[in-house]
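# Understanding the architecture of this molecule
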Amino acid sequence: MDMAPRKLAAGNWKMNGSLAALAEIDSLLGGDEPDCEVLICPPATLIHPMVARIAGGWIAVGGQDCHARDSGAHTGDVSAPQLVDVGADYVIVGHSERRTDHAEDDASVAAKAVAAHEAGLTSVICVGETEAQRDGDQTLKVIARQLAGSVPDCATADNTVIAYEPVWAIGTGRTPTTEQIAEVHAAMRQALVTRFGDGDAFRLLYGGSVKPGNAAEIFAIPHVDGALVGGASLMAADFGPIISALNAAD
Ligand code: PGA
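From a predicted model like this one, the values you see are computed outputs, not experimental measurements.

## Some words on the site of the ligand
Lining the immediate environment of the ligand, one finds 13 residues, of which Lys14, His95, Glu165, Gly171 and Ser209 sit closest. A distance of 2.7 Å separates an oxygen atom of the ligand from a polar side-chain atom of His95. Here an oxygen atom of the ligand sits 2.8 Å away from a polar atom, N or O, in the main chain of Gly231. Within the complex, 97% of the 280 Å² of free accessible area of the ligand lies under protein.

## So, the pairing of strand 7 (residues 203-207)
For strand 7, the tally of buried residues reaches five of five residues, placing the bulk of the element in the interior. Of the two faces of strand 7, both are covered, the one formed by Arg203, Leu205 and Gly207 as well as the one formed by Leu204 and Tyr206. Taken together, the four bridges between strand 6 (residues 160-164) and strand 7 define a ladder with parallel strand orientation. The residue bridging Tyr164 from the neighbouring strand is Tyr206, located in strand 7. Crossover handedness for the path strand 6 to helix 8 (residues 178-195) to strand 7: right-handed. The pairing of strand 7 with strand 8 (residues 226-229) spans two bridges and is classified as parallel.

## Quick word on the packing of aromatic side chains
Two aromatic rings are characterised by how far apart their centres lie and by the angle between their planes. Per the counting criterion, the structure on display carries two aromatic pairs. Ring centres of Phe196 and Phe202 lie 5.3 Å apart, and the angle between their planes is 35°; on these two criteria the pair is classed as tilted. Accessibility assignment for this pair places Phe196 and Phe202 in one class, buried.

Basis of the calculations
Residues numbered from 1 in each chain as written. Predicted model: local features only at pLDDT ≥ 70, side-chain atom pairs only at ≥ 80, totals over all residues. Heavy atoms only, no water. Near = heavy atom within 4 Å. Polar contact = N/O pair within 3.5 Å; in protein donor to acceptor, adjacent residues only side chain to side chain. Areas by Shrake-Rupley, 256 points an atom, 1.4 Å probe, with all protein chains shown as cover. Buried < 20%, exposed > 50% of the residue type's maximum accessible area, 1.4 Å probe, protein only. Helix = DSSP H or I, 4+ residues; strand = E, 2+ residues; numbered from the N terminus. Pairing = 2+ DSSP bridges. Right-handed = clockwise from strand over helix to strand, strands pointing away. Phe/Tyr/Trp six-rings, centres within 6.5 Å; stacked < 30°, edge-to-face > 60°.

The following block contains the structure:
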């Protein structure tokens, strides 16, 4: 590996939070600045006020989705340049809730990632198997297919982060075993190294029921460079200890 990638603690607020919730940002910023990178992806309505609240501090802000086109007649959608316009640096694409709720397939996720990169955003591309796929011993096959289809050729370690999020672990309080996470992350690393010259340097996040109580164990797994955190990112009292655990990890 050329250079150890900077670890990333990413929060996904999903469709939660109001202006009042920005007080959580003040609490986080009240702590010491960590060596790892910290990102919060609030609902679109909160991106601009969150950027203003952070005021150049050590938390980056991202969107939860973007359209593949820059502008036009797409009611309800937000484009990558619009996210950049209000101060976002990142955007999540291909979250399993988007894939399910909005029938997004690998090709549309890849197109969104391309739009994100062209606008100057770093994409956080999500992949993950369903419980039925894991039970059917299809996990590695599904992850390989999603990586091949969702990660565009223009991806680099600088503009792309990959998040492994088993669908059955999201919001359920259930997590894979450390061996299961290690197996998937090693396979993802291998696939990226095979396909991209800088595949070693891509940051690989684990997501799905990460909590203060299990974060340290997850961050000790090889090729886990951080986490994508849903529920436990909403409150500084939970997200703060997760950031600290990542900061303390080797
Ligand atoms: P969770 O969500 O931490 O609430 O399980 C993770 C995610 O969906 O990104």
